[in-house]
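Spelled out, the chains give:
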Amino acid sequence: MGKDNKKSSYIEMAGKASCLLYAQDSRHAAPCLCILGSQIYLTVFDQGGSLSTCGYDIHHYPCEFLCILIGVTSAPRNILGFDISINWGKRSCPDGKVVDVKELKIEMDATTCTIELTRVLFISDNPFGQGTMVWEGMMKARGTSGMQARKVAVKDSWIDPLQKYTEGKILSILNMCKIEGIPMLVHEEQVKAPYPLVVDCLQVNGSTHFPRAYLAHYKTNSYYLHVLSCIITHPVSDLITEFSCLGELLVAFLDYIVAHKNAVEIAHVLHHDISLFNLLLAFVTQRSDHLEFMQRMSSLSAADQTALCTRIASIKRQGVLADWGYAVPMAEPTTITDSVSPTLPIKQLSRVEYESSNFVPIMPVNSKDAPPSLTLVSDLTKEDNIVLAMGPASVENNP
């Protein structure tokens, strides 16, 4: 069995793992088995890269072979790569039927909120990127049966902990500056997962460094350091490709231009990642007529400007410039170190090398009261829980 067979089988596994992660919206890792001749290999793909065992001869090592098969087939959901913060629940329909629904529970302002995930809006097909998943959901606080549920967007993504500003912190800055045409932040948090190899339900923040830290005594490859975050915003929007008419499309692009212009001029924030997937349309009850923009930029007469702005104000959907995960305040460093901020998203990934000089904020996994400290990425261990400063949401944005 040559290296070419191992390489081609790895490429095939990576393709199938990518399809699996794309098809299952609450999954963040994919364990795969590969049998080449009498050799069996176990490879796990996650947002940090991949981890592979050496080859075991199924004839010479039958116990190891059985352990791998039993481990993969009977492992708990989190070991198989599923996000256990998302669970299946029961809901009664008006016709008396009981249906299964996906639910996410979050703690916000000392209140437990339940979000029923109703549909997938976006899911990334890149197995080594941020693994972004976006759902539409109905959010309701527990014990408030009289409160009307609110439609929200829920976004899970594996972010770079070396980023100085999370998307929630950027949105909170923009919301405080009252920038129109961007999502309103409801809540942001790091997603927790069971601590590996511990049975006492200890919860830690999801990070790609944990499986590598447990294998620190083996030689492992460099990897992408990512932590799992969840951000909840409103309104829920459609892609710009769902525009209803040419007028709506043109005004939506005006909305994007004005939103980005105001973000730069008022909040001093640059988006860094404008693409077709970040240009959205949302129904609003009240929208700007862009009169001030027209007065500054247009050569039309005052009467024509007023007539045009009146037509703009009558359009029911507004352009929303979304996905501020790569944005930073201008004149601020992108990371805790003084590295230059890249403009291409693919360059934003932190490829961890063992000689890295970057620091991340951590707390001991067994302590909730210890003050955070900074540690080198290359020194991360299985006892280090990466803790990031999340963006605060305004009270008026909460349902």
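Heads up: these notes are all about the structure in this document. Treat the numbers as computed from the prediction; the structure is a model and nothing was measured.

**Re the sheet that holds strand β22 (residues 373-376)**
Phase 1 of the analysis: Taken together, three strands build an open sheet; the order of strands is β22-β21-β23 and the sheet is antiparallel. In this open sheet, the two edge strands, each paired with only one partner strand, are β22 and β23 (384-386). Averaged over neighbouring strand pairs, the angle between their axes works out to 60° when direction is ignored.
Phase 2 of the analysis: Both strand β21 (residues 359-364) and β23 contribute to a ladder of three bridges, which runs antiparallel. Looking at the pairing, Met363 lines up with Asn385 of β23.

**Digging into the nonpolar core**
Side chains of a nonpolar character, in soluble globular proteins, are inclined to be buried together.
Phase 1 of the analysis: Within the largest apolar cluster, 21 residues are counted, with the highest numbers of intra-cluster contacts made by Leu174 and Trp324.
Phase 2 of the analysis: Looking at this core, the elements with two or more residues in it are α3 (167-176), α5 (246-265) and β17 (279-283).
Phase 3 of the analysis: With five residues, α5 is the single largest residue contributor to this core.
Phase 4 of the analysis: In this view, Trp324 contacts Glu167, Ile170, Leu171, Leu174, Ile182, Pro183, Ala263, Val269 and His271; residues no more than four positions away in its chain are not counted.
Phase 5 of the analysis: The next biggest cluster of nonpolar side chains, apart from the first, holds 20 residues, and it includes Leu104, Met108, Ala141 and Trp158.

**Some thoughts on the environment of Val251**
Phase 1 of the analysis: Topologically, Val251 is positioned in helix α5.
Phase 2 of the analysis: Judged by relative accessible area, Val251 falls into the buried class, the value being 11%.
Phase 3 of the analysis: Discounting chain neighbours no more than four positions away, the residues touching Val251 are Arg287, Ile312 and Ile315.

**Here we look at the packing of aromatic side chains**
Phase 1 of the analysis: Scanning the model with the defined rule gives six aromatic pairs in all.
Phase 2 of the analysis: Aromatic side chains Tyr195 and Tyr214 sit 6.3 Å apart centroid to centroid with 55° between the ring planes, which places their arrangement in the tilted category. Remark: Tyr214 occurs in helix α4 (residues 209-214) and Tyr195 occurs in the loop between β11 (192-194) and β12 (203-205); sequence separation between them is 19 residues.
Phase 3 of the analysis: These aromatic residues form a ring-pair network of at least three members: Tyr195, Phe210 and Tyr214.
Phase 4 of the analysis: Residue placement shows Arg317 over the ring face of Phe283; its charged tip is 5.4 Å from the ring centre.

Rules used in this analysis
Residues numbered from 1 in each chain as written. Predicted model: local features only at pLDDT ≥ 70, side-chain atom pairs only at ≥ 80, totals over all residues. Heavy atoms only, no water. Pairing = 2+ DSSP bridges. Helix = DSSP H or I, 4+ residues; strand = E, 2+ residues; numbered from the N terminus. Axes fitted to C-alpha atoms, helices over the stretch in contact; angles between N-to-C directions. Core = buried A, V, L, I, M, F, W, Y, C linked by side-chain atoms within 4.5 Å. Buried < 20%, exposed > 50% of the residue type's maximum accessible area, 1.4 Å probe, protein only. Contact = heavy atoms within 4.5 Å. Phe/Tyr/Trp six-rings, centres within 6.5 Å; stacked < 30°, edge-to-face > 60°. Lys NZ or Arg CZ within 6 Å of the ring centre and 35° of its normal.

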